Amino acid sequence: MAAILALAAAAVFGAADFTGGSATRRIPILTVTLLTSSVGVVLAGVLVAALGGEWSASAVGWGALGGTCGLVGLSLLYLGLASGPNRLVSPVSAVLAAVIPVAVGIGTGDRPDALGMMGLVLAAPAIWLVAGGDLLPSAGGDLLPSAGGDLQPSAGGERAPIPGRSPLLLAAGAGVGFGLFFTCLAQTPDDAGAIPLLAARVTSTVLLVVAATQRRPARPERRGALLAIAAGTLDMSANGLFLWSTRLGDLAVVGALVSLFPVTTILLAMGILHERLTRSQATGLGLAVVTAALLS
């Protein structure tokens, strides 16, 4: 059951990322994150009212810390994507987001069986490849993101400039932020219900409101706002599924499965935006299927 919930969380997280990415093409990133986080507060409040939960310093503290880490991770990811190639920033952040909860889970006593360990080993390369990392440099030139997000060879087969240290550090910081977010939520008490999710979203929303008062973003257009609201709804749903899965299974296994979320993002991009699947991504999708089967 835990594996099914974790895979469902991964699917919804991927859909949330795709929807949020679509929103950022229409309205400023700060506005998108503020709207998604605000929607999360409302939904988390509804969940707490409906499901209840035991209020405690641990539930609120771990939730608030997780919300801060998640917001830092998202901010660093956007900065990384703005300053470096997607083929490097996205894979690095996605792999680290998986490695941290897996490492913490094993370090705190999770002991998957032999098949589970094989799945954990395959998870990192699967995520790397699906998120856009290359198996080998392309003979026809490096892959560069097109205006629509598709990966295409650079014109004339010329090599793209080698990214500096800044994008790598930003990508690593984003991955650490996301990994710590997952880890913090998993530390909350079993009887806390949705309270950690509410604490996480209230914390991130307060920080974003402070940022918004400094930047004063313009009023968003309707379609972009609706996409951001949809992304926030999906994201909170995924958080709930992840938290539920951690109550039933090991953090190491759940963390690895949830981190397969780029699979959904890629599949949606193919189906809706008609983006092409690279050879590396096709390999990654195959590995992701094997990983999910071994960990389920």
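This structure is a prediction, so every number in the text was calculated from the model and none was measured.

### Quick notes on the overall build of the protein chain
Stage number 1. The helix and strand inventory of the protein chain stands at 11 helices and two strands.
Stage number 2. Helices (α) and strands (β) of the protein chain occur, in sequence order from the N terminus, as α-α-α-α-α-β-β-α-α-α-α-α-α.
Stage number 3. Each of the 296 residues in the protein chain was classed as buried or not, and the buried ones make up 49%.
Stage number 4. For the protein chain, long-range pairs separated by at least 24 residues make up 88% of all intrachain contacts whose partners lie at least 6 apart in sequence.
Stage number 5. Counting only carbon and sulfur atoms, one obtains 68% of the accessible surface of the protein chain, whose full area is about 13,500 Å².

### Some remarks on helix H8 (residues 222-248)
Stage number 1. Compared with an ideal rise of 1.5 Å per residue, which puts 27 residues at 39 Å, H8 spans 40 Å between its outermost C-alpha atoms and is within 8% of the ideal.
Stage number 2. In this structure Glu221 caps H8, since a side-chain oxygen of it lies 2.9 Å from the backbone nitrogen of Arg223.

### A short note on the confidence of the model for the protein chain
Stage number 1. Taken residue by residue, the protein chain gives an average pLDDT of 84. The fraction at 70 or more is 88%.
Stage number 2. The least confident element of the protein chain is strand E1 (residues 143-145), whose mean pLDDT is 33; the most confident is H8, at 93.
Stage number 3. Predicted confidence for residues 137-163 stays below pLDDT 50, and this span has 39 contacts to residues more than four positions away or in other chains.

### A word on the environment of Ala9
Stage number 1. Along the polypeptide, Ala9 turns up in helix H1 (residues 2-24).
Stage number 2. Considered as a pair, Ala9 and Ala238 are 229 residues apart in the sequence and their alpha carbons are 4.5 Å apart.
Stage number 3. Beyond its immediate sequence surroundings of up to four residues, Ala9 is in contact with Ala238, Leu241, Phe242 and Val258.

### Structural notes on the pattern of salt bridges
Stage number 1. Summed over the entire model, instances satisfying the criterion amount to three salt bridges.
Stage number 2. A salt bridge links Glu221 to Arg26, with the nearest nitrogen and oxygen atoms 3.7 Å apart. Within this pair, whereas Glu221 is found in the loop between helix H7 (195-215) and H8, its partner Arg26 is found in the loop between H1 and helix H2 (29-51), the two being separated by 195 residues in sequence.
Stage number 3. Glu221 gets classed as partly exposed once you look at its relative accessible area, which sits at 31%.
Stage number 4. Of the charged contacts, one joins Arg201 and Asp235 as a salt bridge, the two residues approaching to 2.2 Å between their closest N and O atoms. Placement of Arg201 in helix H7 and of Asp235 in helix H8 is noted, with a sequence separation of 34 residues between them.
Stage number 5. Look at Arg201 and you get buried, because its relative accessible area is 11%.

### Looking at the packing of H8 against helix H9 (residues 251-258)
Stage number 1. At a minimum axis separation of 9 Å, H8 and H9 run at an interaxial angle of 155°. Between H8 and H9, the angle is such that the two are roughly antiparallel. Here H8 and H9 pass one another in a crossing that is right-handed. From H8, Phe242, Ser245 and Thr246 reach across to H9, where they touch Leu251, Val254 and Val258.
Stage number 2. Looking at side-chain class alone, the contact of H8 with H9 contains four nonpolar, two polar and no charged residues.

### So, the packing of helix H5 (residues 114-130) against helix H11 (residues 279-295)
Stage number 1. Between H5 and H11, whose axes approach to 8 Å, the crossing angle comes to 155°. With respect to H11, the element H5 is oriented roughly antiparallel. Remark: the crossing between H5 and H11 carries left-handed chirality. Where H5 abuts H11, its residues Leu115, Gly116, Met118, Gly119, Leu120, Leu122, Ala123, Pro125, Ala126, Leu129 and Val130 lie against Ser280, Gln281, Thr283, Gly284, Leu285, Leu287, Ala288, Val290, Thr291, Leu294 and Leu295.

Thresholds applied
The residue count restarts for each chain, going from 1 along the sequence in the order it is written. Per-residue local features of the predicted model are confined to residues with pLDDT of at least 70, and side-chain atom pairs are confined, for both listing and counting, to 80 or more; whole-chain, interface and lining totals are unaffected and use all residues. By convention in this description, side-chain values take in all heavy atoms of the structure and omit both hydrogens and water. Working definition: helices are DSSP H or I runs of at least four residues, strands are E runs of at least two. Numbering for both runs from the N terminus. The cut-offs for exposure are 20% and 50% of the maximum accessible area for each residue type, with area from a 1.4 Å probe on protein chains only; residues under the lower value are buried, those over the upper are exposed, and the others partly exposed. Contact between two residues is taken to exist if any of their heavy atoms lie within 4.5 Å; hydrogens are not considered. In this description, accessible areas are obtained by the Shrake-Rupley approach with a 1.4 Å probe, and a residue is regarded as covered only by the protein chains that are shown. Expected helix span is given by 1.5 Å per residue-to-residue step, counting one fewer step than there are residues. In protein, a polar contact requires one atom able to donate a hydrogen and another able to accept it; more generally it is a pair of N or O atoms within 3.5 Å, and residues adjacent in sequence count only if both atoms are side-chain atoms. Known as pLDDT, the predictor's confidence for each residue is given on a scale from 0 to 100. Salt bridges are defined by distance alone: a side-chain nitrogen of Lys or Arg within 4 Å of a carboxyl oxygen of Asp or Glu. In this description, a line fitted to the C-alpha atoms serves as the axis of each element, helices being fitted only across the stretch in contact, and the angle between N-to-C directions of two axes falls anywhere from 0 to 180 degrees. Here is the rule for angles: anything less than 35 degrees is roughly parallel, anything more than 145 is roughly antiparallel, 65 through 115 is roughly perpendicular, and the remaining ranges are oblique. For any pair of crossing helices, the crossing counts as left-handed if the nearer helix is rotated counterclockwise from the farther one by less than a right angle, and right-handed if it is rotated clockwise. Basically, the charged four are Asp, Glu, Lys and Arg, the nonpolar ten are Ala, Val, Leu, Ile, Met, Phe, Trp, Tyr, Cys and Pro, and anything else, Gly included, counts as polar.

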